Amino acid sequence: MICAAMEILHNGSLPSHPFPSNPFPDICLPHLSPHNRNFSPIPKSKFRGSTPRITGFKHSTVSKHIHPQTLLPSFVDTPTSSSPAEIGDFISLLNRCTTLSEVRQIHAQTVKLNALESNSSVGNKLVVLYSRNQLSLEDARKLLDEIPKRTVPAYAALIGSYSRNEQWDDLFSVFRLMVYEGMLPDKYLVPTILKACSAMQLLRIGTMVHGFVIRKIVDSDVFVGNALVDLYSNCGDLFSSRNVFDTMQERDVVSWTALISAYMEEGLLDEAIHIFHLMQLDGVKPDLISWSALLSGYARNGEIDLVLDTLEEMQEKGLQPRVNSWNGIISGCVQNGYLEDALDMFSRMLWFPEDPNIITIASILPACTGLKALHLGKAVHGIALKHGIFGNFYVQGSLIDMYSKCGSNDYAEKVFGKAENKNTTMWNEMIAAYVNEGKVENALGLLTLMQKDGWEPDVITYNTILSGHARNGLKTHALELLSGMVQMDLKPNVVSFNVLISGFQQSGLSSEALKVFRIMQSPAGDVNPNEVPDLSMRPNPITITGALAACADLNLLHQGKEVHGYTLRYGFEPNIFVSSALVDMYAKCHDMDSANKVFFRIEGRNTVSWNALMVGYIKNKQPEEALKLFLEMLQEGLAPSSITFKILLPACGDTAAVRFGRGLHGYAAKCQLDGSKNAIASALIDMYTKCGSILEAKSVFDSEVEKDVPLWNAMISAFSVHGMARNAFAVFEQMELLGILPDHITFVALLSACARDGLVEEGWKYFNSMENSYGIAASLEHYTCMVGILGGAGLLDEAHDLIRQMPYPPDACTWATLLQACRVHSNPEIGERAAKALFELEPDNATNYMLLSNIYVSSGMWDLAKSLRSYMRGRKLLTIKECSYLTIGSHLCAFKGGESCHPEFEEILETWEKLAKKMELSGYFPLDPVFEDEEKEMDPFSCLHTEKLALCLGIISSSARHPIRVSKNIRMCIDCHTSAKLISRIVGREIFVKDVCFYHHMKDGICSCQDRW
């Protein structure tokens, strides 16, 4: 194995036998195993079959002034053995060869004369010549295996050619043979070996080569030193890179530039600039590459102002940036996500002016892709055509990728169709375009066409199609493709399994995702061998992330813990994506203690991991903890992402934490999250709406210049929630006047507004216009809204008839809407029908039983109400534990049902007693039913009135000039609603209460819901 070869180099000696048994065990670098390389000698017939018979050559005819092609025919009828003189003539001819065809003809004659076996000089010379041409590299390698005695120049030529073509595995395979044959690299070959170690990031092997260099005292060579600086830098070992540099006896501009690049790569800009100045003080004048290294480093770190300053400084010193300088800037920006800066630098390059090349175009197109800037991508396409660089594989592949990801697959198809010389990468790009668009059949058709066109699909091809099938839930076809890969001798890799696991999980087949995860570890288990090939593979962090997501979807805490154990065993937990997935899994499985333990073990927590824990708290009905966590995140110096705001703004709305929400609003404006501007604006409108500040919601809406459909929908919904139907209609009319087409959500918002205000005629108008005017078919959600409109208006029979006539089977939401209307209008007959359907759909949902019980109570049917509650108690059906929230200053207070741990609880009760006496004088009496057998023990199903406690604290702790904002996680009961209205009149304050169904704005004893909640 290559590690053993490196030990020889490190020790500076050779083994007693040049070929020890199994010198390359697979434990170090499996990809360099001899099993991955065909070492069989090249068949001699390969060189004879296509070569004319050549005879009749005499030594005296050779002249250095004669072209070798004119001498080849004189070989005809030559004897079948070669003399030393003839060998010399072969060498002389080979020295004058200028084409691959000439080399092949001479090779054919040497085979016939057995010159390769009798003298290795010719064979080694042929290897050197074959190595100069990429098309004959395979011939060079096979010929090297045939030569009985190989030389260092032959090895060096082939290794150098593999390096130029970045065939690193082949390079190490040849280098291994060289070392075990007793040949050690010289100072000219060592830099090439180090370059390969750098490219593959093989630090251990590179360190061994470094040891050999020190023992052979060739470390003083500047080229070797430069290669070592680059090796350690590229492997992330800046300390060793600097040590090598400091010990170099001779340094040139390349040495300094390599060290500058090393510091730039680590983000140490000040140190890199310091080294740049030291270089000049040392008498070394920076060249264009040195300046380009500075420019690229600044770009990678987002320091565009420094890029511009450096460009000016270069020109002041007489150096003009060339295309490679600009390419370094552009690619540096793109690779680190500074996409707009990349486009700006591309524009400056064109104005400079500097003509782009292939690398420029291939580098800038991903920036257009990332920004979804189709018009800019088309402009770059035009520039490529203008400069005649359209026909390049990389450019065409990047164009296909750009067009497909910008939603223009028709243009991608045109680029692909016009490409005269397609390669496998281009086929893969076009297949990926179809897969990303959801056109799996088209992708399969292209795969077939690819094979008919003579191109062999690779693992990337199949992985792309596997991903498409898995994401679309096509389990059977996906597994058939996996088997097909094996039949084509394309062994699936870890990516193959990862795309299956993540695809199945995303398409709702989480159980299938876990099954694939098990296949990776133990294929001989409970898996049908006819369905899935017998493959096993060690999962990587991406695999673990997908498996954890599947466990979270299925709420499988036990299996999730097993996967966690696997991550600990193989050391995956420190991976930030794995640890964040663990936090998410435990949170979704309602184990917040474990989620917290994993989270606080994470070293270098990033925004993703903080977001995961915040989402967990919100999902587990602890939004106040999520808001606290955000403050801790800021204290750690982390900036929130757009996702953070999308997580926290709804939490502010759910808890009526308007002051916290305003803080987030300001922070979002400061962060300038342009890519998610409309999405955040929609979340802000929703937050202000739930906090009762409709004016602030409208202000956010008006401040956005470019409004998308979701933003219009958010504003219509805001007015709907506040019972301001006419305002909602006005926003819709404005939307129509601007020519913006509504979607199905727009009409859900409009119909909801009609339901809250009991506008039956308007409701039917919008319902019918959906399909007639906009071609939007009414969904079950729209029919449910119509049931709410009819039921809210007291037209319960019509609502019931609509449910029976609609083209969809009613779901629980539809029946619950009708049941709620029956509660408002005290209709036990239809209410019982709706409840019966709900009990079948949701037998364990206590809320449905409570609604029917309330209908019985309001209709005077006390015995039925009592019987139903007894039935619930017998089945141990419990309602959601209620909780009400109130913000006092910057502090969020939570009042949970059954708890009395608030420090001001006694004062709160005293305030309530005072208010209750004043309400009693106004004719108030408790409206919650208490049954005779429940007087000694509180009914666990009755409202514990947490919003009353929150209201009292608001009266005690907040200024009388400010409204009181309370949020509750369940629907308000009749008693609390009536109490809140009276309190608003008694204390002369506005009260806002948001529950899960309505927004209640109470003022002077009147509620905005008109008592229809």
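See above for the structure.
The structure displayed is predicted, hence computed values, not measured ones.

Engineer: Hey, could you run me through the packing of helix H51 (residues 905-921) against helix H52 (residues 946-957) in this one?
Structural biologist: Pairs of packed helices are described in terms of their axes, by the angle between the two and the distance that separates them. At a minimum axis separation of 9 Å, H51 and H52 run at an interaxial angle of 95°. Comparing the axis directions of H51 and H52 gives the class roughly perpendicular. Contacts from Phe905, Glu907, Ile908, Leu909, Thr911, Trp912 and Leu915 of H51 reach H52 at Lys948, Leu949, Cys952, Leu953, Ile955 and Ile956. Looking at side-chain class alone, the contact of H51 with H52 contains ten nonpolar, one polar and two charged residues.

Engineer: Please clarify how the side chain of Asn226 should be interpreted in this entry.
Structural biologist: Mapped onto the elements, Asn226 comes out in helix H13 (residues 222-234). If sequence neighbours within four positions are ignored, Asn226 has contacts with Met248, Asp252, Val254 and Ser255.

Engineer: Sorry if this is basic, but what is going on with the sheet that holds strand S6 (residues 999-1003) here?
Structural biologist: Note: strands within a sheet are paired through backbone hydrogen bonds, in either parallel or antiparallel orientation. Here six strands make up an open sheet; going across it, the order is S3-S2-S4-S5-S6-S7 and the pairing mixed. Every other strand in the sheet has two partners, leaving strand S3 (891-896) and strand S7 (1006-1007) as the edge strands with one partner each. Bridge count between strand S2 (residues 883-888) and S3: six bridges; the pairing is antiparallel. Note that in S3 the partner of Tyr885 across the bridge is Ala894. Strands S2 and S3 of the sheet are contacted by helix H36 (residues 623-635), whose axis makes an angle of about 160° with S3.

Engineer: Teacher, can you tell me more about the nonpolar core here?
Structural biologist: Note on soluble globular proteins: their nonpolar side chains tend to be buried together. Among the nonpolar cores identified, the biggest contains 261 residues, and Ile329, Met614, Ile685, Met715 and Leu818 are the most heavily contacted of them. The residues contacting Ile329, other than those within four sequence positions of it, are Leu295, Ser296, Ala299, Val307, Leu311 and Met345. If you look at the next biggest cluster of nonpolar residues, it comprises 28 residues, including Trp912, Ala950, Ile964 and Cys976.

Engineer: Explanation requested: the packing of helix H45 (residues 780-792) against helix H47 (residues 812-824) in the structure shown.
Structural biologist: Here H45 crosses H47 at 5°, and the two axes come no closer than 9 Å. Relative to H47, the element H45 lies roughly parallel. Counted together, Leu780, Thr784, Val787, Gly788, Gly791 and Gly792 of H45 and Cys813, Thr814, Thr817, Leu818 and Ala821 of H47 form the full contact between these two elements. Of the residues that constitute the contact of H45 with H47, the class distribution is five nonpolar, six polar and no charged.

Engineer: Help me understand the pairing of strand S5 (residues 991-994), please; the structure alone is not making it clear to me.
Structural biologist: Each regular strand shows side chains that alternate between the opposite faces of the sheet. Burial along S5 is two-sided: the face carrying Ile991 and Val993 and the face carrying Phe992 and Lys994 are both buried. Examined bridge by bridge, strand S4 (residues 964-968) and S5 share four bridges and lie parallel to one another. Counterpart to Ser967 in the pairing with S5 is Lys994. Considered for its hand, the β-α-β crossover made up of S4, helix H53 (residues 974-987) and S5 is right-handed. As paired elements, S5 and S6 share four bridges and run antiparallel to each other. For Val993, the partnering residue across the bridge sits in S6 and is His1000.

Engineer: Honestly, the state of the cysteines in this entry has me stumped. Any pointers?
Structural biologist: Here a disulfide denotes one covalent bond, and it connects the sulfur atoms of two cysteines. Counted according to the given criterion, the structure contains zero disulfides. Looking at Cys406, it has no disulfide partner, and the nearest cysteine sulfur is the one in Cys368, 7.4 Å off.

Engineer: What exactly am I supposed to notice about the packing of aromatic side chains here?
Structural biologist: Geometry of an aromatic ring pair is reported as the spacing of the ring centres plus the angle between the planes. Counted under the stated rule, the structure contains 23 aromatic pairs. Ring geometry for Phe729 versus Tyr766: centroids 5.1 Å apart, planes at 45°, classification tilted. Of this pair, Phe729 sits in helix H42 (residues 725-737) while Tyr766 sits in helix H44 (residues 760-774); the two residues are 37 residues apart in sequence, bridging distant segments of the chain. Among the residues examined, Tyr766 registers a relative accessible area of 5% and is labelled buried.

Engineer: Could you clarify how one ought to interpret the environment of Pro356 in this entry?
Structural biologist: Within the fold, Pro356 resides in the loop between helix H20 (339-351) and helix H21 (358-370). Through-space distance from the C-alpha of Pro356 to that of Ile389 is 9.0 Å; in sequence the pair is 33 residues apart.

Engineer: Before we go on, may I ask you to explain unusual backbone geometry in this structure?
Structural biologist: Glycine aside, residues mostly have negative phi, and peptide bonds are mostly found in the trans state. The omega torsion of the bond from Phe352 to Pro353 falls at 5°, within 30 degrees of zero and hence cis. With respect to the helices and strands, the residue Pro353 is situated in the loop between H20 and H21. Residue Asn555 is not a glycine yet carries a positive backbone phi of 60°. Tracing the backbone shows Asn555 in the loop between helix H31 (541-554) and helix H32 (557-569). Residue class for Asn555 comes out partly exposed when judged on its relative accessible area of 42%.

Engineer: Is there a simple way to explain a nonpolar patch on the surface in this structure?
Structural biologist: On the surface, a nonpolar cluster with roughly 300 Å² of combined accessible area is contributed by Ile358, Phe393 and Tyr394. Inspection of the secondary structure puts Phe393 in helix H23 (residues 393-405). Taking the relative accessible area as the measure of exposure, Phe393 reaches 34% and is therefore partly exposed.

Engineer: Looking at this structure, how should I read the pattern of salt bridges?
Structural biologist: Any two side chains of opposite charge can pair, given that their charged atoms come close. Evaluation of the coordinates by the stated rule reveals 25 salt bridges. A salt bridge links Glu762 to Arg726; the shortest N-O distance between them is 3.3 Å. In this pair, Glu762 sits in helix H44 while Arg726 sits in helix H42, placing the two residues 36 residues apart along the sequence. Residue Glu829 pairs with Arg833 through a salt bridge whose shortest N-O separation is 2.9 Å. One end of the pair, Glu829, and the other, Arg833, are both in helix H48 (residues 828-841), four residues apart, so they sit about a helical turn from each other. The class of Arg833 is partly exposed, set by a relative accessible area of 38%.

Engineer: Would you mind showing me how to read H42 here?
Structural biologist: Along an α-helix, residues three or four positions apart point the same way, because every turn accommodates 3.6 residues. With 13 residues, H42 should reach 18 Å at 1.5 Å per residue; the first-to-last C-alpha distance of 19 Å fits that figure. Buried residues of H42: Ala725, Ala728, Phe729, Val731, Phe732 and Met735, and no others. All buried residues of H42 lie within an arc of 160° about the axis, which places them on one face of the element. In this fold, the buried residues of H42 make contact with helix H40 (694-703), helix H41 (709-721), helix H43 (744-757) and H44. Downstream of H42 by one or two residues, Gly739 has phi in the positive range, about 75°.

Engineer: It is not clear to me how H43 should be interpreted in this structure. Could you clarify?
Structural biologist: Taking 1.5 Å of rise per residue, the 14 residues of H43 would be expected to cover 20 Å, and the 21 Å separating its terminal C-alpha atoms lies within 8% of that figure. For H43, the buried fraction is high: ten of the 14 residues fall into the buried class. Among the residues making up H43, those that are buried are Thr746, Phe747, Val748, Ala749, Leu750, Leu751, Ser752, Ala753, Cys754 and Arg756. Along its buried surface, H43 packs onto H41, H42, H44 and H45. The backbone nitrogen of Ile745 lies 3.1 Å from a side-chain oxygen of the residue at the head of H43, namely Asp743. In the segment just after H43, Gly758 is the residue with positive phi, at about 65°.

Quick notes on the rules
- Residues numbered from 1 in each chain as written.
- Predicted model: local features only at pLDDT ≥ 70, side-chain atom pairs only at ≥ 80, totals over all residues.
- Heavy atoms only, no water.
- Axes fitted to C-alpha atoms, helices over the stretch in contact; angles between N-to-C directions.
- Helix = DSSP H or I, 4+ residues; strand = E, 2+ residues; numbered from the N terminus.
- Parallel < 35°, antiparallel > 145°, perpendicular 65-115°, else oblique.
- Contact = heavy atoms within 4.5 Å.
- Nonpolar A, V, L, I, M, F, W, Y, C, P; charged D, E, K, R; others polar.
- Pairing = 2+ DSSP bridges.
- Core = buried A, V, L, I, M, F, W, Y, C linked by side-chain atoms within 4.5 Å.
- Buried < 20%, exposed > 50% of the residue type's maximum accessible area, 1.4 Å probe, protein only.
- Right-handed = clockwise from strand over helix to strand, strands pointing away.
- Disulfide = S-S within 2.5 Å.
- Phe/Tyr/Trp six-rings, centres within 6.5 Å; stacked < 30°, edge-to-face > 60°.
- Patch = residues over 30% accessible without salt bridge, like charges linked within 9 Å, V, L, I, M, F, W, Y side chains within 5 Å.
- Areas by Shrake-Rupley, 256 points an atom, 1.4 Å probe, with all protein chains shown as cover.
- Salt bridge = Lys/Arg side-chain N within 4 Å of Asp/Glu carboxyl O.
- Expected span 1.5 Å × (residues − 1).
- Arc of directions from axis to C-beta.
- Polar contact = N/O pair within 3.5 Å; in protein donor to acceptor, adjacent residues only side chain to side chain.

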